Amino acid sequence: MALILATLVLGAVVMRRRGTSQQVAALVFTTVGYAALGLLDGGVAGPLGALLPFSVMVYAATMPPRAFALAATLSATAYWAVAIGGGPAPIGYAAVYTVAFAGISLLCLRYSAAMASLRRRLDVLSQLDPLTGCLNRRGFDARLAAEVAEAERTGEPLVLLRLDLDRFKQVNDTYGHQAGDELLAWTARTLKSQLRAHDAVGRLGGDEFAAVLTGPDAEAAATLVERVRAALNGVAAGSIGYACYPAEATGIEALHHRADQRVYVAKTGRDRRPPGPAAVARARAAAAPRQEPRVSRHERRRRAIADSGRLGMVDPGVGLFYVAFFAAGHPHRLAMGVLLAVAALIGVATLRVASPLSRYGRVGPAMFVLGVVQFSIAGTVVCLDGGADSTLALGLFAPLPLIALTTPSVGRPLLAVIVAGYLGIAVSVGHPDPWYVAMHLAGALGVSALCGHKGRIAARRRRQLSELSRTDPLTGCLNRRGFTERFAAERPAALVLLDLDGFKQVNDMHGHSAGDELLIWVAATLRQHARPGGIVGRLGGDEFVVLLDRDTAADPGRTAETLRAALAERTACSAGVAVPGEHGEDFDTLYAHADAELYARKAARDTAGL
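An account of the accompanying structure is given in this report. This structure is a prediction, so every number in the text was calculated from the model and none was measured. (Residues numbered from 1 in each chain as written. Predicted model: local features only at pLDDT ≥ 70, side-chain atom pairs only at ≥ 80, totals over all residues. Heavy atoms only, no water.)

**A few points about the sheet that holds strand E8 (residues 573-578)**
Right, on to step 1. Strand order in the open sheet made by the four strands is E6-E7-E5-E8, with antiparallel pairing throughout. The open sheet is flanked by strand E6 (535-540) and E8, the only strands paired with a single partner. The sheet shows a mean angle of 20 degrees between the axes of neighbouring strands, direction not considered. (Pairing = 2+ DSSP bridges. Helix = DSSP H or I, 4+ residues; strand = E, 2+ residues; numbered from the N terminus. Axes fitted to C-alpha atoms, helices over the stretch in contact; angles between N-to-C directions.)

Pasting the structure below:
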């Protein structure tokens, strides 16, 4: 008992220690301890013989690939030492266990690596502005905070650059939002081209950009401002300000305040004019597709279904390996082979349909039924092979950790069915050692609990990052990326585009904090009046868009006027409407129609003096 406790304690140390030498020492000690327990208990077929195989599954779910390779190799070596030096085991027992646990552990490792990649890509997307590819407000604030903290630690100077484009609102009003978007994208590319690769560029909202640079002093910062201004002139001239840390400010708010002061000095000290037709045409001609990490809405679900299919191939595949090489003379060899081949074909079919199946939101019940069918086949094979302590009984409990890792919600009821089935076989078929059944089931459930916990934590983090990548950090509305995805998924009845009138003057006269507060209020007001079926997004700056469902789109024009009236409490706005089927089908076409209608109405009001 003391040896069991010692090995369990050091098993936990393997997961927690940060020092490489300590990890290796703990891993070796734990592996030797598990091997000793297996030898003392009669070999690999004893109740404690599965400690080493189950530990490999734990390593697959918790270790990076290189560390797993070392741990798995060490555990496999120890397992075969127990198989050779321990008591007798059924023919093929050690080989089948080795192949089965290796295959399922590799599937666990593969799925964990894929989900880690997905989290990294979602993390990147959650900090990027969908239009320009710069950091968004959230991402830039985090980067600036990190750079200021590093500057405090090292004493290295830092510069915050702020850019506000001249008369950008008139670009949207004159040429449309699409032209304005392309001008913003051109500005972001030009700003990046004038800075170093490791400098951070962000779009704080609308036509406001910022950059943080480490190393330049005040003189170098002034020179940089002139270089950026020269690069922008002729296409997207703007007012630029900067602040130096620690010479002029020592905190984030102080840096922004000092840079803003210089921006407004630049605004008042020069003749600001909107870009002309040639400048806008130049920016539009230079439009280039952006590269950003690709994340499908259904990627996690597709991978989970695909790995269920792979598991459905590996598990019966191991059984077929046993039937082919170690079951000569078995009275039920043919029947077991046929059943295992059917189960493997089900796994192949599941893998083939993983992509189309992942697009259905309620695929969970179907996967549960599929799992019950496959494990019913596995249970029948186990009965034919002799019961809960037979070689092929591992086909029931070995897959449990991967199920818990990949499909936590479906996995819980499926695990209950499998455990009940295994216990039923243990009671009704053959005369297995109760300790054998208890230890193997406890090992499977323990590793499954760990994998399920890891899967739930990872799923929660993915949901958070997915939401952040599709949400405007200021208003909480859908951002451009999230809105276009929802448009494709929802098939709306109408689209309402809204553009605030005179918003630029709010920023110029009362400061950006007042403008931010107004945008937050607008978003909340639109959400309130677009209910119950409306979806609100902020495409950028002071431009909002609302998707209407069938219930709220009986009269889209009237709904647009209702939204305008609600916003009139604090700000005037213009609205345009587009209806799928009447004005186009895809988002870009509908957006262009609503944009044209919006500015036609705005121009009509301006002409009328309203």
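**Points about a nonpolar patch on the surface**
Right, on to step 1. A surface patch of nonpolar side chains, about 310 Å² in accessible area, is lined by Val24, Val28, Val32 and Leu70.
Right, on to step 2. The leading source of residues in the nonpolar patch is helix H2 (residues 20-40), at three residues.
Right, on to step 3. Following the sequence through the fold, Val24 ends up in helix H2. (Patch = residues over 30% accessible without salt bridge, like charges linked within 9 Å, V, L, I, M, F, W, Y side chains within 5 Å. Areas by Shrake-Rupley, 256 points an atom, 1.4 Å probe, with all protein chains shown as cover. Salt bridge = Lys/Arg side-chain N within 4 Å of Asp/Glu carboxyl O.)

**Examining the side chain of Arg470**
Right, on to step 1. If you trace the backbone, Arg470 turns up in the loop between helix H19 (434-469) and helix H20 (480-490).
Right, on to step 2. Since its relative accessible area comes to 13%, Arg470 is described here as buried.
Right, on to step 3. A distance of 2.4 Å separates a polar atom in the side chain of Arg470 from a polar atom in the side chain of Glu485.
Right, on to step 4. Setting aside anything within four residues of it in sequence, one finds Arg470 in contact with Leu122, Val295, Arg297, Cys477, Leu478, Asn479, Gly482 and Glu485. (Buried < 20%, exposed > 50% of the residue type's maximum accessible area, 1.4 Å probe, protein only. Polar contact = N/O pair within 3.5 Å; in protein donor to acceptor, adjacent residues only side chain to side chain. Contact = heavy atoms within 4.5 Å.)

**Description of empty space enclosed by the protein**
Right, on to step 1. Counted under the stated rule, the structure contains four cavities of 30 Å³ or more.
Right, on to step 2. In this structure, the largest cavity spans a volume of roughly 360 Å³.
Right, on to step 3. If you trace the largest cavity, you find 26 residues lining it, with Leu311, Gly312, Asp315, Gln374 and Phe375 closest to the centre.
Right, on to step 4. Among the elements that take part in the lining of the largest cavity, helix H15 (residues 364-385) stands out by supplying nine residues, more than any other.
Right, on to step 5. Of the residues assigned to the lining of the largest cavity, the class counts are 17 nonpolar, eight polar and one charged.
Right, on to step 6. In this structure, the second largest cavity occupies an estimated 280 Å³ of space.
Right, on to step 7. Forming the boundary of the second largest cavity are 27 residues, of which Phe168, Gly206, Asp207, Gly541 and Asp542 lie nearest the centre.
Right, on to step 8. Every element with two or more residues in the lining of the second largest cavity is listed here: helix H7 (168-175), helix H8 (177-193), strand E2 (200-205), helix H21 (503-510), helix H22 (512-529) and E6.
Right, on to step 9. A per-class count over the lining of the second largest cavity returns eight nonpolar, seven polar and 12 charged. (1 Å grid on protein atoms, 1.4 Å probe; cavity = no way out; pocket = protein on both sides within 12 Å on 5 of 7 lines; lining within 4 Å. Points joined across faces, edges and corners; volume = space filled by probe spheres on them. Nonpolar A, V, L, I, M, F, W, Y, C, P; charged D, E, K, R; others polar.)

**Let's talk about the sheet that holds E2**
Right, on to step 1. Strand order in the open sheet formed by four strands is E2-E3-E1-E4, with antiparallel pairing between adjacent strands. The open sheet is flanked by E2 and strand E4 (238-245), the only strands paired with a single partner. Between one strand axis and the next, the sheet turns through 20 degrees on average, direction left out of account.
Right, on to step 2. By the bridge criterion, eight bridges tie strand E1 (residues 158-165) to E4 in an arrangement that is antiparallel. Across the sheet, residue Arg162 finds its bridge partner in E4, namely Gly241.
Right, on to step 3. Sitting on the sheet, helix H10 (residues 252-268) touches E1, E2 and E4, and the angle it makes with E4 is about 150 degrees.

**Considering the pairing of E6**
Right, on to step 1. Of all six residues that make up E6, six are buried, and the element is covered over most of its length.
Right, on to step 2. With five bridges connecting them, E6 and strand E7 (residues 543-548) associate as antiparallel partners. Looking at the pairing, Gly540 lines up with Glu543 of E7.
Right, on to step 3. Linking E6 back to E7 in an antiparallel pair, the connection comprises two residues, with Gly541 at a positive phi of about 55 degrees.

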